[in-house]
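# Observations on the model geometry
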Amino acid sequence: MFLKDRTALITGSTSGIGLAYARALAAEGANVVINGFGDADAIEKERAGIEVDFKVKARYSAANMMKPDEIAAMVAEAEKEFGAIDILVNNAGIQHVAPVDEFPIEKWDQIIAINLSSAFHTTRAALPKMKAKGWGRIINTASAHAFVASPFKSAYVSAKHGIAGFTKTVALEVATNGITVNAIAPGYVWTPLVEKQIPDTMKARNLTKEQVINDVLLLAQPTKEFVTVEQVAALAVFLCTDAAKSITGTTLPMDGGWTAA
Ligand code: NAD
């Protein structure tokens, strides 16, 4: 329970990796603010479940990560209730798979806004209170696509390379403030985000579902296994420990060897 009395805000945490971060940080005693879209009853079940399972406060914000004013209001509300956001996890993300010359302009704009710009908006809003406390952890979910590319994912690869650069820059700016800033770069993790891109990849490459899983997704991953959301969340928890206080400005791969190849 080393995070008792700390507050974590995790964007995009109504499912997948984000929800696993929220539960893992709450398991160490942190109060959490979860965020994201989905069925209202299912979200309320997850929120209440965190409070029951871990005896912490869990709040939900419906802020849209495409909207800077909603992001600022989410941070202000969290700070009003908890004093400061000690752990900021920028995780919200979407994907779209299409050749660049057919890529819908509004999809490009959405991916850059949610996967990259929202981390700027949350960080600039949360940093003053973190600095005042002299302690903070900012953890961004990057991707193996922060290091390497795959065809048909131009917006996503651009946003994830951008997140790696943003992580380095903020880390340098707050290096003497007791705040570390890192990104985690998972390979393929079995979540709704991956499941949803299978039909588009089938279409773009003219493949069956099994071929997409084995010959496209896991082709890149030498372990031939999906990363689990629990493994990603455990790394985020480690980054919050004192043992990790000298790790800053990095993008840490957890990709089954993908980017070693
Ligand atoms: P997911 O679809 O399960 O979760 C995405 C979350 O973001 C959901 O809670 C969703 O409601 C939320 N979200 C989407 N648009 C939003 C918006 N406009 N405002 C607020 N919230 C919004 O996906 P996931 O796989 O858990 O992805 C989480 C992060 O991990 C993303 O940044 C993704 O790029 C990254 N990632 C995923 C994988 C993978 O293989 N699944 C690999 C590497 C990186």
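One structure accompanies this document, and this report is about it. (Residues numbered from 1 in each chain as written. Predicted model: local features only at pLDDT ≥ 70, side-chain atom pairs only at ≥ 80, totals over all residues. Heavy atoms only, no water.)

### Topic: the packing of helix α1 (residues 16-27) against helix α8 (residues 229-239)
So the rule is basically this: In this analysis, axes come from line fits to C-alpha atoms, helices being fitted only over the stretch in contact, and the angle between any two N-to-C directions falls in the range 0 to 180 degrees. A run of H or I in DSSP becomes a helix once it reaches four residues, and a run of E becomes a strand once it reaches two; helices and strands are each numbered from the N terminus. For classification purposes, an angle smaller than 35 degrees is called roughly parallel, one larger than 145 roughly antiparallel, one from 65 to 115 roughly perpendicular, and anything else oblique. Helix crossings get a hand from a simple test, with the near helix turned counterclockwise from the far one by less than a right angle marking a left-handed crossing and a clockwise turn marking a right-handed one. Should any heavy atoms of two residues lie within 4.5 Å, those residues are considered in contact.
Their axes nearest at 8 Å, the elements α1 and α8 cross at an angle of 50°. Judged on the interaxial angle alone, α8 and α1 are oblique. Viewed along their axes, α1 and α8 form a crossing whose handedness is right-handed. Along its contact with α1, which presents Gly16, Ile17, Ala20, Tyr21, Ala24 and Leu25, the element α8 presents Val229, Val232, Ala233, Ala236 and Val237.

### A few points about the environment of Ile43
Along the chain, the position of Ile43 falls in helix α2 (residues 40-54). With 17 residues separating them in the primary sequence, Ile43 and Tyr60 have C-alpha atoms 8.2 Å apart. Contact partners of Ile43, with chain neighbours within four places excluded, come to Thr14, Ile34, Gly36, Phe37, Gly38 and Tyr60.

### Quick notes on the site of the ligand
Here is the rule: Think of it this way: one heavy atom of a residue within 4 Å of a molecule or strand is enough to make that residue near it. Under the convention used here, a 1.4 Å probe and the Shrake-Rupley method define accessible areas, while residue burial counts only the protein chains that appear. The method works on a 1 Å grid over the protein atoms by themselves. A cavity is a set of points holding a 1.4 Å probe that cannot get out, a pocket is an open set with protein on both sides within 12 Å along at least five of seven lines, and residues with an atom within 4 Å of a point line them. Whether a molecule lies in a cavity or pocket depends on its atoms, and more than half of them have to be within 2 Å of the grid points.
Taken together, 30 residues are adjacent to the ligand, and Thr14, Ser15, Tyr156, Val189 and Thr191 come closest. Out of a free accessible area of 820 Å², the ligand has 94% covered by protein chains. Mapping the ligand onto the cavity grids shows that it belongs to the largest pocket. Mapped by element, the contributors of at least two residues to the shell around the ligand are α1, α5 (154-173) and α6 (192-205).

### Looking at the sheet that holds strand β3 (residues 58-61)
Strand pairing in a sheet relies on backbone hydrogen bonds. The paired strands run either parallel or antiparallel. Applicable threshold: At least two bridges found by DSSP between two strands are what make those strands a pair.
One open sheet holds the seven strands; their spatial order is β3-β2-β1-β4-β5-β6-β7, and the pairing between them is parallel. A strand with exactly one partner marks an edge of an open sheet, and here the two such strands are β3 and β7 (251-254). Within the sheet, the average angular offset between the axes of one strand and its neighbour, ignoring direction, is 20°. Of the pairings in the sheet, the one linking strand β5 (residues 136-141) to strand β6 (residues 179-186) comprises six bridges and is parallel in character. If you follow Ile139 over to β6, its bridge partner there is Asn182.

### Details of the layout of surface pockets
What counts here: Grid points are joined across faces, edges and corners, and a volume is the space filled by probe spheres set on the points. Charged means Asp, Glu, Lys or Arg here, nonpolar means Ala, Val, Leu, Ile, Met, Phe, Trp, Tyr, Cys or Pro, and polar covers whatever is left, Gly included.
Quantified by volume, the largest pocket comes out at close to 1100 Å³. Around the largest pocket sit 49 residues that line it, and Ser15, Gly93, Ile94, Leu193 and Lys196 are the ones nearest its centre. Put simply, the parts of the chain that give the lining of the largest pocket at least two residues each are α1, α2, α4 (105-133), α5 and α6. For the lining of the largest pocket, the leading source of residues is α6, giving six residues. Residue composition of the lining of the largest pocket, grouped by class: 21 nonpolar, 21 polar and seven charged.

### Quick notes on the packing of helix α3 (residues 68-82) against α4
Packing of α3 against α4 leaves a shortest axis separation of 9 Å and a crossing angle of 30°. In this view, α3 runs roughly parallel relative to α4, as classed from their interaxial angle. The interaxial crossing formed by α3 with α4 has right-handed handedness. Touching Pro68, Ile71, Met74, Val75 and Glu79 of α3 are Ser118, His121, Thr122, Ala125, Ala126 and Lys129, all from α4.

### What to know about the side chain of Thr11
The cut-off we apply is this: A 1.4 Å probe rolled over the protein chains alone gives each residue an accessible area, and that area as a share of the maximum for its type sets the label: buried under 20%, exposed over 50%, partly exposed in between.
Checked against the element boundaries, Thr11 lands in the loop between β1 (7-10) and α1. For Thr11, a relative accessible area of 0% corresponds to the buried category. Sequence-distant contacts of Thr11, defined by excluding residues within four places in its chain, comprise Asn35, Met65, Met74, Val89, Asn90, Asn91, Ala92 and Thr122.

### With respect to the nonpolar core
What counts is decided by this rule: Here, nonpolar core means buried Ala, Val, Leu, Ile, Met, Phe, Trp, Tyr and Cys residues that are tied together by side-chain atoms lying within 4.5 Å of each other.
If you look at the biggest cluster of nonpolar residues, it comprises 33 residues, and the most contacted ones within it are Ile10, Tyr21, Leu25, Val32, Ile50, Ile87 and Ile184. Looking at this core, the elements that each hand over two or more residues are β1, α1, β2 (31-35), α2, β4 (87-90) and α8. At seven residues, the largest contribution of residues to this core is made by α8. Counting residues in each nonpolar core, the second largest holds 30 residues, with Val33, Ala92, Ala126 and Ile179 among its members.

None of the figures reported here should be taken as evidence of function without further support.
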